[in-house]
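# Observations on the model geometry
Here's the letter readout for the chains.
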Amino acid sequence: MLMSRCLSVSLITSWNVDCGIARYSAELVGALRKLVDIIIIPFGPQVWQRLNLPTDTAAQRTRAIEAANLASHTNIAHIQFQPQFFGGMHPLRCTFPMLLMSLKVPAVVTVHELDIHGAFPISSVKLLINIWLFRRQRIKHFIVHNEFTKRCLGKLGISQECVSVIPMWAPKVKQSRFKRQEVRKLLGLSSRHVIGAFGFIVKRRGYDLLLEALEPFPSDTLLVIIGGKHPLDRSGYYESFIERLTNWRWSDKVIVKGFVSEDELPLWFSAIDFVVAPFTQLTASASLLRCIAYGLPIICSDLEPLRELQEMSKCMRLFGVGDAVSLRGAILELLNDDALRECLSQNALSFASSYTVEDAAKLTAQAYTQVLRHG
């Protein structure tokens, strides 16, 4: 690993914005800098919005070329991939191929999100677009967070030898010094139980299913949603969900906090008994790893990536995907079983301490070395 220190790597990523991948990248860079030289190339619409720069397709194309030119001065370009960073998957708007064509060094791509979902023929079209995006000579290696995504890349015709599974870690966090009841009193929460939901209010997180499962609402219980509208979401889902919630007969049992700063987050997480994450689809979830870091039990959908995370962490209660009855059963089980909640909480904290960002950084540096060794 000592020989890796002479490597120079450009990290093309979302940066210094309210984004899970930006936080992931910042934590990874902190550990990677002990092993390799890193140059940060901030990229993506959220970054440009923060800087008051245009985000139209022409501007994104220009910045893709600029990023490639900067990255070409290093040994390796490490690209953090999510479709929205590159204008989505539409072939006429996506700037990811332009970035790769302009690069003059090998590329490593971390696939945070792989859009393969939808009914036929949409899924078939997405399959072809993903093949077009990822089967490119410039990409020498892929990093994914679970075996599920690795298999998905295999279906695109990508050699499994060129894919490293490097799971996301639970970040280092500062636990609240207050006890749960003290925190609730401080926050003005008087219910016996508080259920949490954490993350942007977008369709794939299954918030509508959660409301359905909470009908009728469990007694002496509150739901706190920590999250607001995703800055890149143009679907209108957030607005329709808030309207539904406003007109819901149990709306007085729900608090939508919106964005909560890193300084406030320990306080709110300390008030929560457990988190509910009824995803309808996902590739991986940094938000769930943050919940695990705080020792929170999690109820989540029995999706393959979450099944993998459960096998490692043992801190989840899985329920049938899209099944409101199954979800309600899981919620009532955790509300009524203090011992189970405590067991899942301890398992979460144990997992958080057993696999760290330093472990992920070492595996990432090994991937860089492998790319340069094989050319």
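Note that the structure is a prediction, hence the values are computed from the model and not measured.

### Notes on the packing of aromatic side chains
A ring pair, where both rings are aromatic, is described by two values, the distance of the centres and the angle of the planes. Scanning the entire structure with this criterion turns up 14 aromatic pairs. Aromatic pair Phe43 and Trp48: ring centres 5.0 Å apart, planes at 75°, arrangement edge-to-face. The exposure class of Phe43 is buried, given its relative accessible area of 3%. Ring centres of Tyr207 and Phe241 lie 5.7 Å apart, and the angle between their planes is 50°; on these two criteria the pair is classed as tilted. With Tyr207 in helix α8 (residues 207-213) and Phe241 in helix α9 (residues 237-247), the pair connects residues that are 34 residues apart, well separated along the chain. Residue classification places Phe241 among the buried positions, given a relative accessible area of 1%. Each residue in the set Phe43, Trp48, Phe81, Phe86, Phe96, Phe134 and Phe142 is aromatic and connected to the rest through ring pairs, giving one cluster. Above the plane of the ring of Trp48 lies Arg63, whose end atom (NZ or CZ) is 5.0 Å from the centre.

### Details of helix α5 (residues 122-134)
Over its 13 residues, α5 runs 18 Å from end to end, which matches the ideal 18 Å to within 8%, given 1.5 Å per residue. Lys126, Ile129, Asn130, Leu133 and Phe134 are the residues of α5 that are buried. Projected down its long axis, α5 carries its buried residues within an arc of 115°, all on one side.

### Things to note about helix α3 (residues 57-71)
When the terminal C-alpha atoms of α3 are compared, their 21 Å separation across 15 residues agrees well with the 21 Å that a helix rising 1.5 Å per residue should span. Within α3 the residues assigned to the buried category are Ala59, Gln60, Arg63, Ala64, Ala67, Ala68 and Ala71. Those residues of α3 that are buried lie in contact with β1 (8-13), β2 (37-42), α2 (45-50), β3 (76-81) and α4 (96-102). Here α3 starts with a cap whose side-chain oxygen sits 3.2 Å from the backbone nitrogen of Ala58, and that cap is Asp56.

### A few points about the sheet that holds strand β5 (residues 139-144)
Ordered by their spatial adjacency, six strands build an open sheet running β2-β1-β3-β4-β5-β6, and the pairing between neighbours is parallel. Looking at strand neighbours, the two that pair on one side only are β2 and β6 (163-165), the edges of this open sheet. Pairs of neighbouring strands in the sheet enclose a mean axial angle of 20°, with direction left out of account. Summarising the sheet, β5 and β6 pair through three bridges and their orientation is parallel. Residue pairing in the sheet places Ile143 in a bridge with Ser164 of β6.

What counts, and at which threshold
- Residues numbered from 1 in each chain as written.
- Predicted model: local features only at pLDDT ≥ 70, side-chain atom pairs only at ≥ 80, totals over all residues.
- Heavy atoms only, no water.
- Phe/Tyr/Trp six-rings, centres within 6.5 Å; stacked < 30°, edge-to-face > 60°.
- Buried < 20%, exposed > 50% of the residue type's maximum accessible area, 1.4 Å probe, protein only.
- Helix = DSSP H or I, 4+ residues; strand = E, 2+ residues; numbered from the N terminus.
- Lys NZ or Arg CZ within 6 Å of the ring centre and 35° of its normal.
- Expected span 1.5 Å × (residues − 1).
- Arc of directions from axis to C-beta.
- Contact = heavy atoms within 4.5 Å.
- Polar contact = N/O pair within 3.5 Å; in protein donor to acceptor, adjacent residues only side chain to side chain.
- Pairing = 2+ DSSP bridges.
- Axes fitted to C-alpha atoms, helices over the stretch in contact; angles between N-to-C directions.

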